[in-house]
Amino acid sequence: QIKDDALLYVDGRDGPANENRLCVKGRFGFDYVSHPHRLTEPLIRKDAIAKHQDDTVDPANPWTHFRAATWDEALARAAQGFMRVRAAHGGSALAGFGSAKGSNEEAYLFQKLVRTGFGTNNVDHCTRLCHASSVAALMEGIGSAAVTAPFTACRDSEVIIVIGANPTENHPVAATFFKQAAKRGAKLIVMDPRGQALKRHATHMLEFKPNKDVALLNAMLNVIVTEGLHDRQYVQAFTENFAALTRHLADFSPEKMAPVCGIPASTIREVARLYARSKASIIFWGMGISQSIHGTDNARCLIALALVTGQLGRPGTGLHPLRGQNNVQGASDAGLIPMVFPDYRSVEDAEIRAGFEKLWGAKLDPKRGLTVVEIVNAILAGGAGGVRAMYIMGENPAMSDPDANHARQALAKLEHLVVQDIFLTETAFHADVILPASAWPEKDGTVTNTNRQVQLGRRALPCPGDARPDWWIIQEMARGLGLEWRYTHPREVFAEMASVMPSLAHITWERLEREGFVTYPCPAPDRPGRDIVFADGFPTPSRRAKLVPAHLSPPGEPTDADYPMVLITGRQLEHWH
């Protein structure tokens with residue numbers, strides 16, 4: 001609700017995922033847009049030496065280290081710094097962090113800039129710190145990293161498993177659907193080392209020992225296979241490697257795993273039977289599964305549970321890793337990942353690479369790039385393979401990196417850092433050039449939410465002061481690096497994305513303007529997208545899903561007498577980190 005270019009308050013709308021429901025951030029967390037600390041003009045560091053000297057930092061007033069600049073000056077300084085490092089050390093000395101808090105178009109342009117302008121695949125975003133392990137397991141197992149069903153599918157479920165997630169705090173809108181399903185009689189099984197608010201609505205609460213996910217889930221699989229509860233026809237028609245999985249599971253009886261995971265054998269048997277025998281079971285998981293050295297194995301177990309019981313491809317069934325940031329699905333789809341181009345196609349595949357080289361008119365790096373964590377290490381390592389310059393858009397590694405001091409040391413060591421953001425963040429303080437960007441209400445663009453629903457965002461406010469839309473800034477940076485980009489609106493970027501991303505087939509900007517959202521995959525221009533996927537096979541070469549055994553391994557940091565505490569990551573409802 002807007003008056004005189006001011007955002008007064010926010011209402012829910014009847015969107016495909018929200019259905020008028022908003023979490024506390026959506027309903028009340030909009031005042032940042034008009035905050036007096038918004039960046040409203042480009043800034044250039046006054047003294048490049050200052051960022052390397054802790055005694056010159058004035059945290060009470062970091063603005064004193066920067067001076068205002070015109071867009072021409074700031075963009076020229078930014079581009080010249082990148083070209084200088086590229087000329088001296090090659091493209092591998094440059095890197096970029098994109099954002100899952102921006103639009104699909106911005107993510108696509110950003111990774112295209114890094115690959116064609118910098119000449120490297122060193123581009124990544126926050127997915128490295130959330131669902132990267134889930135993506136690895138899903139790609140390996142079923143050939144697709146997206147959810148197989150929306151969270152609203154729980155309306156048709158008889159059994160709902162929520163593991164390693166705290167939806168009432170992290171995914172409050174989705175949590176309302178889980179609560180409603182439990183109220184109408186669905187069995188809600190919550191598995192988490194911590195007690196949590198969803199426990200009040202659960203029929204079963206399994207507070208297993210931290211780091212023992214694989215033990216618990218393999219014990220459930222053991223019950224399903226040894227008691228013949230698996231779907232033989234489904235396993236035979238749609239999976240491979242079942243015999244190897246069966247042999248592997250022989251060592252994971254509930255009685256043997258009960259002391260390991262801390263859940264009674266009788267409870268493990270009960271929930272395994274409930275899940276396998278139900279007409280429709282669905283699994284949701286979060287950071288508790290993926291933010292672990294066993295993250296990929298944890299996800300492999302969940303995938304195996306769904307596959308051996310045939311709980312996929314039908315209403316009320318599926319696998320759903322709950323995404324955290326508003327566009328982490330879309331940013332990943334758009335190629336903001338170091339080892340893949342848009343739609344998860346390998347940068348190391350010569351045929352795929354040739355197609356993108358033709359489209360983008362540039363020679364592309366045949367080697368996979370560095371991840372967020374590897375980039376920070378490569379800055380500090382220095383030398384021939386070191387990273388010396390970075391472009392960071394809408395990310396704040398100085399605050400969000402698991403080791404903040406480590407990240408800040410790396411940022412301070414960079415020869416050239418350009419930050420594009422809406423505030424003078426902890427990361428922007430280390431920058432040589434700061435570019436004032438646009439907040440969500442100030443831009444046109446699409447996002448792809450956790451349900452695979454591509455939605456259109458429409459500009460409702462002007463940018464403050466001399467701030468500019470992110471897509472415009474990225475394009476001007478590209479021109480400064482010698483690229484001939486001529487986009488005039490995000491719709492043109494979306495059209496290019498749709499031409500190269502099969503996932504966006506039959507989805508056009510005009511259709512989004514008309515319908516508001518379209519779920520992918522979409523079979524035809526005049527038909528709705530498919531909420532539930534993989535009813536007739538999987539996007540793998542054999543059309544079958546692969547069952548991958550998961551092994552027990554010790555935690556990275558076991559507890560002992562000196563360090564008896566276990567640290568579990570998580571977000572709170574009112575706070576981002």
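Everything that follows concerns the structure shown earlier in this document.
Keep in mind that what you see is a predicted model, and the values were worked out from it rather than measured. (Residues numbered from 1 in each chain as written. Predicted model: local features only at pLDDT ≥ 70, side-chain atom pairs only at ≥ 80, totals over all residues. Heavy atoms only, no water.)

Engineer: Kindly report on the packing of aromatic side chains, identifying the contributing residues and their values.
Structural biologist: By the definition in use, this model includes 14 aromatic pairs. Between Phe82 and Phe118 the ring centres are 4.8 Å apart and the planes differ by 50°, which places this aromatic pair in the tilted class. Highlighted residues: Phe82 in helix H2 (residues 71–89) and Phe118 in helix H3 (residues 104–118), separated in sequence by 36 residues. Summarising the burial analysis for this pair, Phe82 and Phe118 share the class buried. Chaining the aromatic ring pairs together yields one cluster made of Phe82, Phe110, Phe118 and Tyr391. The side chain of Lys443 reaches across the aromatic face of Trp440, ending 5.5 Å from its centre. If you follow Arg468 out to its NZ or CZ, it ends over the ring of Trp472, 4.6 Å from the centre. (Phe/Tyr/Trp six-rings, centres within 6.5 Å; stacked < 30°, edge-to-face > 60°. Helix = DSSP H or I, 4+ residues; strand = E, 2+ residues; numbered from the N terminus. Buried < 20%, exposed > 50% of the residue type's maximum accessible area, 1.4 Å probe, protein only. Lys NZ or Arg CZ within 6 Å of the ring centre and 35° of its normal.)

Engineer: For empty space enclosed by the protein, give the residues involved together with the corresponding values.
Structural biologist: Tallied over the entire structure, the rule returns five cavities of 30 Å³ or more. The calculated volume of the largest cavity comes to roughly 70 Å³. As for the largest cavity, its lining consists of Phe97, Cys126, Leu129, Val372, Glu395, Pro397, Ser400 and Asp401. Counted by class, the lining of the largest cavity contains five nonpolar, one polar and two charged residues. In terms of residue count, the dominant contributor to the lining of the second largest cavity is helix H14 (residues 328–333) (three residues). Here the lining of the second largest cavity is built from residues that sort into three nonpolar, four polar and one charged. (1 Å grid on protein atoms, 1.4 Å probe; cavity = no way out; pocket = protein on both sides within 12 Å on 5 of 7 lines; lining within 4 Å. Points joined across faces, edges and corners; volume = space filled by probe spheres on them. Nonpolar A, V, L, I, M, F, W, Y, C, P; charged D, E, K, R; others polar.)

Engineer: An account of the sheet that holds strand S3 (residues 43–45) is requested, with residue identities and associated values reported.
Structural biologist: Across the sheet, seven strands lie side by side as S4-S3-S17-S16-S15-S5-S6; this open sheet has mixed pairing. Since the sheet does not close on itself, it has two edges, and those belong to strand S4 (66–68) and strand S6 (123–124), each with one partner. Bridge analysis of strand S5 (residues 94–97) against S6 gives two bridges, and the strand direction is parallel. When the sheet's bridge partners are listed, Gly96 is paired in S6 with Val123. (Pairing = 2+ DSSP bridges.)

Engineer: Any details on the layout of surface pockets? Residues and values, ideally.
Structural biologist: If you add up the space inside the second largest pocket, you get close to 590 Å³. Every residue lining the second largest pocket is counted, 24 residues in all, and those nearest its centre are Gly143, Ser144, Pro521, Phe534 and Pro539.

Engineer: Can you explain the nonpolar core? Please cite residues and give values.
Structural biologist: If you look at the biggest cluster of nonpolar residues, it comprises 67 residues, and the most contacted ones within it are Phe82, Leu113, Tyr391, Leu435 and Ile507. If near-sequence neighbours (up to four positions away) are discounted, Leu435 is found in contact with Trp71, Ala74, Leu75, Val418, Val419, Gln420, Asp421, Ile473 and Met477. If you look at the next biggest cluster of nonpolar residues, it comprises 55 residues, including Ala137, Met191, Ile224 and Trp285. (Core = buried A, V, L, I, M, F, W, Y, C linked by side-chain atoms within 4.5 Å. Contact = heavy atoms within 4.5 Å.)

Engineer: Describe the pairing of strand S19 (residues 453–457), naming the residues involved and giving the relevant values.
Structural biologist: Within S19, four of the five residues are buried, which leaves it mostly tucked inside the rest of the structure. Remark: four residues form the turn of the hairpin made by strand S18 (residues 445–448) and S19, two consecutive strands paired antiparallel; Arg452 in that turn has positive phi of roughly 70°. Of the pairings in the sheet, the one linking S19 to strand S20 (residues 517–519) comprises three bridges and is antiparallel in character. Within S20, the residue paired with Gln453 across the bridge is Thr519.

Engineer: Please provide a residue-by-residue account of the pattern of salt bridges, values included.
Structural biologist: Inspection of every chain in the model, using the stated rule, returns 23 salt bridges. Note that Glu515 is salt-bridged to Arg511, the shortest N-O span being 3.0 Å. Placement of both Glu515 and Arg511 in helix H21 (residues 509–515) is noted, with a separation of four residues, approximately one turn of the helix. For Glu515, a relative accessible area of 38% corresponds to the partly exposed category. Since its relative accessible area comes to 4%, Arg511 is described here as buried. (Salt bridge = Lys/Arg side-chain N within 4 Å of Asp/Glu carboxyl O.)

Engineer: Give a detailed account of the packing of H2 against helix H19 (residues 470–480), specifying residues and quantitative values.
Structural biologist: Contact geometry for H2 and H19: axes closest at 9 Å, N-to-C directions at 55°. If you check the angle between H2 and H19, you find them oblique. Judged by the twist between their axes, the crossing of H2 over H19 is right-handed. In this structure, H2 contributes Trp71, Leu75, Ala78, Ala79, Phe82 and Met83 to the contact, and H19 contributes Trp472, Ile473, Glu476, Met477 and Gly480. (Axes fitted to C-alpha atoms, helices over the stretch in contact; angles between N-to-C directions. Parallel < 35°, antiparallel > 145°, perpendicular 65-115°, else oblique. Left-handed = near helix turned anticlockwise from the far one by under 90°.)

Engineer: Quick rundown of unusual backbone geometry? Include the residues and the values.
Structural biologist: With an omega dihedral of 0°, the bond running from Tyr520 to Pro521 counts as a cis peptide bond. The residue Pro521 is located in the loop between S20 and strand S21 (545–546) in this model. Its identity is not glycine, yet Asp4 carries a phi of approximately 50°, on the positive side. Topologically, Asp4 is positioned in the loop between strand S1 (2–3) and strand S2 (6–7). For Asp4, a relative accessible area of 71% gives the class exposed. For Glu19, which is not glycine, the phi dihedral falls at a positive 50°.

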